[in-house]
Amino acid sequence: MERTLCIIKPDGLQNDHAGEIINRIEREDFRIIGMKKSRLSRHAAEHFYAVHKERVFFNDLVNYMTSGPVILIALERENAVSHWRTVIGATDPAEADAGTIRKLHGVNKEKNTVHGSDSPENGMIEISVFFSEQELIEQR
Ligand code: ADP
Ligand code: MG
């Protein structure tokens, strides 16, 4: 079993898509092993997106990710990382495949509704940043 971190980003909550996204998670056969609502601190958002700190969009991205609450969801499934990235679609909603969450709900390349980890290793690392071991509960 592989794990990936989903974040329902501020636009996803603002536009009332959280329920639909959680429904999609269930329909795609993921198991939710951890879930909580949070408001990212500036420090947490900068750390989470540190790989992008030299990019021109970094400051705007941090402002956006701290602009409102998010929902953090630790997901488990076979091929969780690649499957979740297929479900969410390309970074830019305009380039995302039909039916993907970003195509359906993304506002623009920044406000693209959901996060997905980019490798199994980063999935484990990102989940451990936001969840303690006790907060992660296997389905069965
Ligand atoms: P992904 O989330 O698809 O893995 P990246 O890791 O490349 O994409 O970027 C992280 C996040 O930064 C994106 O989800 C998006 O919110 C934002 N972002 C990426 N590229 C841009 C861009 N060119 N302009 C504005 N925001 C961007
Ligand atoms: Mg990424």
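Description of the structure in this document. (Residues numbered from 1 in each chain as written. Chains lettered and ligands numbered in written order. Predicted model: local features only at pLDDT ≥ 70, side-chain atom pairs only at ≥ 80, totals over all residues. Heavy atoms only, no water.)

Here's the deal with the site of ligand 1
Around ligand 1, the structure places Lys 9, Tyr 49, His 52, Phe 57, Leu 61, Arg 85, Thr 91, Arg 102, Lys 109, Glu 110 and Asn 112. One of the side-chain N or O atoms of Lys 9 is found 2.9 Å from an oxygen atom in ligand 1. Here an oxygen atom of ligand 1 sits 2.8 Å away from a polar atom, N or O, in the main chain of Glu 110. Burial of ligand 1 by the protein chains amounts to 80% of its free accessible area of 530 Å². The residue inventory of the shell around ligand 1, partitioned by class, reads three nonpolar, three polar and five charged. (Near = heavy atom within 4 Å. Polar contact = N/O pair within 3.5 Å; in protein donor to acceptor, adjacent residues only side chain to side chain. Areas by Shrake-Rupley, 256 points an atom, 1.4 Å probe, with all protein chains shown as cover. Nonpolar A, V, L, I, M, F, W, Y, C, P; charged D, E, K, R; others polar.)

Overview of the pattern of salt bridges
Tallied over the entire structure, the rule returns six salt bridges. Between Arg 24 and Glu 28 there is a salt bridge, and its shortest N-O distance comes to 2.9 Å. Residue classification places Arg 24 among the buried residues on the basis of a relative accessible area of 16%. Note that Glu 46 is salt-bridged to Arg 42, the shortest N-O span being 3.5 Å. (Salt bridge = Lys/Arg side-chain N within 4 Å of Asp/Glu carboxyl O. Buried < 20%, exposed > 50% of the residue type's maximum accessible area, 1.4 Å probe, protein only.)

Details of the sheet that holds strand 4 (residues 114-116)
The strand order across the open sheet formed by four strands is 2-3-1-4, and the pairing between neighbours is antiparallel. Edge strands, defined here as strands with exactly one partner in the open sheet, are strand 2 (31-38) and strand 4. If you compare each strand with its neighbour and ignore which way they point, the axes differ by 15° on average. Bridge count between strand 1 (residues 2-8) and strand 3 (residues 70-77): seven bridges; the pairing is antiparallel. Among the inter-strand pairings, Ile 7 is bridged to a residue of strand 3, identified as Leu 72. Strands in contact with helix 5 (residues 80-88) are strand 1, strand 3 and strand 4; relative to strand 1, the strand with the most contacts, it is inclined by about 30°. Against the sheet, helix 7 (residues 120-130) engages strand 1, strand 2, strand 3 and strand 4, with an angle of about 55° to strand 1. (Pairing = 2+ DSSP bridges. Helix = DSSP H or I, 4+ residues; strand = E, 2+ residues; numbered from the N terminus. Axes fitted to C-alpha atoms, helices over the stretch in contact; angles between N-to-C directions. Contact = heavy atoms within 4.5 Å.)

Describing the packing of aromatic side chains
Scanning all chains against the criterion turns up three aromatic pairs. Arranged with centres 5.5 Å apart and planes meeting at 90°, the rings of Phe 30 and Trp 84 form a pair that is edge-to-face. One end of the pair, Phe 30, is in the loop between helix 2 (18-27) and strand 2; the other, Trp 84, is in helix 5, with 54 residues separating them in the sequence. Its relative accessible area of 6% is what places Phe 30 among the buried residues. When the centroid spacing of 5.7 Å and the interplanar angle of 50° are considered together, the rings of Phe 48 and Phe 130 count as tilted. (Phe/Tyr/Trp six-rings, centres within 6.5 Å; stacked < 30°, edge-to-face > 60°.)

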